[in-house]
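Structural overview for review
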Amino acid sequence: MADIRQITQVGDSILREKAVTVRRFDDKLGRLLEDMLMTMDAAKGIGLAAPQIGISKRIAVVRDGEEDVLELVNPVILTASGREEEEERCLSVPGRGGLVPRATKITLEFQDREGNTCRLKAKDYLARVIQHELDHLDGRLFIDIMTEEILD
Ligand code: ZN
């Protein structure tokens, strides 16, 4: 049974660290991924990176439509093209929004929970969410790169 974890908030230093590469693909990783999914859904998020639950490892989960979820371990963007500014928000930065420029098309390499290397092409909204989550793995938040704050 998965647990809902507490989401770290801006000001917590773990959100500013460069997360470490995952080398063990074991049951513990599977449980962590389950907890991340449950925490993301409970918070009505569409993506969550491990540092957001206080774990400085290169792992993110992203909701891809109603049913599908991407589990991204050690993700790396191989190619990126296009540029568009759209609004972003973050579970770790409550109450704020901003316009953030992102690539519109990316190719991503990552590992699944068993350690298999996978490749994925994503565009538009999904590409944006993935780039946002990957930024968390390098200690970067959308408020660092937004071009304009959106005030409610
Ligand atoms: Zn975020």
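So, a few notes on the structure that sits alongside this text. The shown structure was predicted, so the numbers you read here are calculated from the model rather than taken from an experiment. (Residues numbered from 1 in each chain as written. Predicted model: local features only at pLDDT ≥ 70, side-chain atom pairs only at ≥ 80, totals over all residues. Heavy atoms only, no water.)

1. Some words on the coordination of the zinc ion
Each protein donor to the zinc ion is listed here as Cys90 (SG), His132 (NE2) and His136 (NE2); together their distances run 2.0 to 2.3 Å. The exposure class assigned to cysteine 90 is buried, which follows from its relative accessible area of 9%. (Donors = N, O, S within 2.8 Å, 3.2 Å for Na, K, Ca; no water. Buried < 20%, exposed > 50% of the residue type's maximum accessible area, 1.4 Å probe, protein only.)

2. A look at unusual backbone geometry
Unusually for a residue other than glycine, lysine 44 sits at a positive phi of about 55°. Inspection of the secondary structure puts lysine 44 in the loop between helix 1 (27-42) and strand 1 (47-49). (Helix = DSSP H or I, 4+ residues; strand = E, 2+ residues; numbered from the N terminus.)

3. Focus: the side chain of serine 56
Along the polypeptide, serine 56 turns up in the loop between strand 1 and strand 2 (59-64). Of note is the side chain of serine 56, whose polar atom sits 3.3 Å from the side chain of glutamate 17. Beyond its immediate sequence surroundings of up to four residues, serine 56 is in contact with Ile14, Glu17, Lys18, Ala19 and Val20. (Polar contact = N/O pair within 3.5 Å; in protein donor to acceptor, adjacent residues only side chain to side chain. Contact = heavy atoms within 4.5 Å.)

4. A short note on a negative patch on the surface
Together, Asp64, Glu66, Glu67 and Asp68 line one region of the surface with negative charge. Summarising the element assignment, aspartate 68 is placed in strand 3 (residues 68-81). Looking at aspartate 68, the relative accessible area reads 46%, which means it is partly exposed. (Patch = residues over 30% accessible without salt bridge, like charges linked within 9 Å, V, L, I, M, F, W, Y side chains within 5 Å. Areas by Shrake-Rupley, 256 points an atom, 1.4 Å probe, with all protein chains shown as cover. Salt bridge = Lys/Arg side-chain N within 4 Å of Asp/Glu carboxyl O. Lys, Arg positive; Asp, Glu negative; His and termini not counted. Charge placed at Lys NZ, Arg CZ, Asp CG, Glu CD.)

5. Considerations on the layout of surface pockets
Looking at the largest pocket, its volume works out to about 310 Å³. Secondary structure elements with two or more residues in the lining of the largest pocket: strand 4 (84-88) and helix 2 (124-137). Grouping the amino acids of the lining of the largest pocket by side-chain chemistry returns 5 nonpolar, 5 polar and 6 charged. By volume, the second largest pocket amounts to about 230 Å³. The wall of the second largest pocket is formed by 14 residues, among which Asp26, Lys28, Leu29, Leu32 and Lys57 lie closest to the centre. Broken down by element, the lining of the second largest pocket gets its largest block of residues, 4 residues, from helix 1. (1 Å grid on protein atoms, 1.4 Å probe; cavity = no way out; pocket = protein on both sides within 12 Å on 5 of 7 lines; lining within 4 Å. Points joined across faces, edges and corners; volume = space filled by probe spheres on them. Nonpolar A, V, L, I, M, F, W, Y, C, P; charged D, E, K, R; others polar.)

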